[in-house]
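Reading the structure
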Amino acid sequence: MELPNELRYSAEHEWVRVDGARTQVGITDFAQDALGDIVYVQLPEVGSTVSAAGPCCEIESTKAVSDVYAPVSGTIVEINGALADAPEQVNADPYGTGWLFVIEMTDLSELDTLMDAAAYRALVDEE
Amino acid sequence: VSDRIHATRTTRQWRLVDDLGTRLAGVQQMAADVALLDDVAHGAGPVLRLYRWARPALSLGRFQPDGDVDKHACDRLNVEVVRRPTGGRALLHGGDLTYAVAIPRPSGAAGDVDAVYSWLAGGLIAALGRLGVQAEIGRHRGPSGPACFATAQGADLRVGERKLCGSAQVHRAGGVLQHGSILLEHLRFDETDVLVFASPGERDVARRWLGRAPVTLDELGVASEPETVAAAIVAGFEDHLDLTFGSRLDLPFR
């Protein structure tokens, strides 16, 4: 299971890549593997507001439809439109071309509630 | 994992909604199941709902394109089209007994899609065993396309190589809803008559697959009356999943 050290992770298996007040969000390698082949991603609307730990978009795999949760609060400022035609990128490259959306954060201190790679690995190993 | 499902958030006291006699329209069926999922996600106990359909209905997966449906054929055959909250592909109802299970989402690995499928499959396999059917979990390897019983799904219950029960899930904050369909008898038409396929060739492949892949309880020569099958499901869940149905519910909006 790949877990880049520069990212932070939520207990709901999302990752965030922080760039100033903006953070790119995706689901982890562990999550994509558990979901199986992803066939559709319904992304949030640009301009919509999201709350930390609240559901903000949905992913459908061949097994199930699952909510994706916002790891931090803020406004959606960018979405990965390429996933409309290539949702399998979430499986193939979850930390790269399979990213989901970018949040403009309203409270940077929420980042402190997320885990580093080692803590997230421990969480996953527990499961 | 099954122990952890119990140990985490799913109580052993379940509720039962016996809707075999109500035959709601498809839209009402889905609304009822979503209401149960919401209910559970807000703290209510797990629930099993069993029902049949007022008339044949084609249920589409949560994000399945509307364009997969042959609307003229549905009108001609008096088939209602509804959208499920759960994933997967189109399924034709009418000859089946449908179940909906809503449980609080177990934490950790027990809440994984596969873990929930496997756990509930144990109850369903026990139920079918009571009817004299030896079913097992199988990943279906049919052709891709718009029809559920002809394509790859999460976890199916199969008898030999033939699919008897398909299922689909949605995972929401706090709750999981699993839909499943146990085939009691064939209708006089199937999904290939009411769906649009990319080409005649793809329809032919699906038709051939649907002609030999699914199997009904009637074909297996065991009891296929809905009431008998429902009773077996209740008993199978209680025995195998170590739970009791402490209350029988009427849906609040009826």
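Here's a quick rundown of the structure. (Residues numbered from 1 in each chain as written. Chains lettered and ligands numbered in written order. Predicted model: local features only at pLDDT ≥ 70, side-chain atom pairs only at ≥ 80, totals over all residues. Heavy atoms only, no water.)

Observations concerning the sheet that holds strand β5 (residues 49–50) of chain A
Pairing between the strands of a sheet is mediated by backbone hydrogen bonds and can be parallel or antiparallel. Residue and element names in this part refer to chain A. To keep it simple, the criterion reads: Any two strands are treated as partners once DSSP identifies two or more bridges connecting them. Starting at the N terminus, helices and strands are each numbered in turn, a helix being any DSSP run of H or I of at least four residues and a strand any DSSP run of E of at least two.
Strand order in this open sheet of six strands is β1-β2-β3-β9-β8-β5, and the pairing throughout is antiparallel. Edge positions in the open sheet fall to β1 (8–9) and β5, since each of these has one partner strand only. Pairing of β5 with strand β8 (residues 74–79) involves two bridges; the strand directions are antiparallel. By the bridge assignment, threonine 49 is partnered in β8 with threonine 75.

Some remarks on the packing of helix α4 (residues 113–130) of chain B against helix α7 (residues 226–240) of chain B
Residues and elements named next belong to chain B. Quick note on the threshold: Note on method: axes are straight lines fitted to C-alpha atoms, helices fitted across the in-contact stretch only, with angles between N-to-C directions ranging 0 to 180 degrees. Convention used here: angles under 35 degrees read as roughly parallel, angles over 145 as roughly antiparallel, angles from 65 to 115 as roughly perpendicular, and any remaining angle as oblique. Note on convention: the crossing is left-handed when the near helix lies turned anticlockwise from the far helix by less than a right angle, right-handed when the turn is clockwise. By definition in these notes, contact holds between two residues if any of their heavy atoms fall within 4.5 Å. Side-chain classes are defined by residue name, with Ala, Val, Leu, Ile, Met, Phe, Trp, Tyr, Cys and Pro counting as nonpolar, Asp, Glu, Lys and Arg as charged, and the others, Gly among them, as polar.
Interhelical geometry of α4 versus α7 gives an angle of 125° and a closest axis separation of 7 Å. With respect to α7, the element α4 is oriented oblique. When the axes of α4 and α7 are compared, the crossing they make is right-handed. For the pair α4 and α7, the contacting residues are Leu120, Gly122, Gly123, Leu124, Ala126, Ala127 and Arg130 in the first and Ala232, Ile233, Ala235, Gly236, Phe237, Asp239 and His240 in the second. Residues belonging to the contact of α4 with α7 are distributed by class as follows: eight nonpolar, four polar and two charged.

Details of the environment of Tyr95(A)
All names here are of chain A. Quick reminder of the rule: Here a polar contact is recorded for every N or O atom pair within 3.5 Å, except that within protein the pair must consist of a potential hydrogen donor and a potential acceptor, and residues adjacent in sequence are included only if both atoms are side-chain atoms.
Here tyrosine 95 lies in the loop between α2 (89–92) and β9 (101–105). Residues tyrosine 95 and threonine 28 lie 67 residues apart in sequence; the distance between their C-alpha atoms is 7.2 Å. Excluding residues that lie within four positions of it along the chain, tyrosine 95 makes contacts with Glu2, Leu3, Pro4, Leu7, Tyr9, Trp15, Arg17, Thr28 and Asp29. At 2.6 Å, the side chain of tyrosine 95 and the backbone oxygen of glutamate 2 are in polar contact.

Focus on the sheet that holds strand β3 (residues 57–60) of chain B
All names here are of chain B. Taken in spatial order, the three strands of this open sheet run β4-β3-β5, and their pairing is mixed. Each end of this open sheet is capped by a strand with a single partner; those strands are β4 (80–83) and β5 (91–93). For this sheet the average axis-to-axis angle between neighbouring strands, irrespective of direction, equals 30°. When β3 meets β4, the two strands line up parallel, connected through four bridges. Residue pairing across strands places alanine 57 opposite glutamate 80, the latter belonging to β4.

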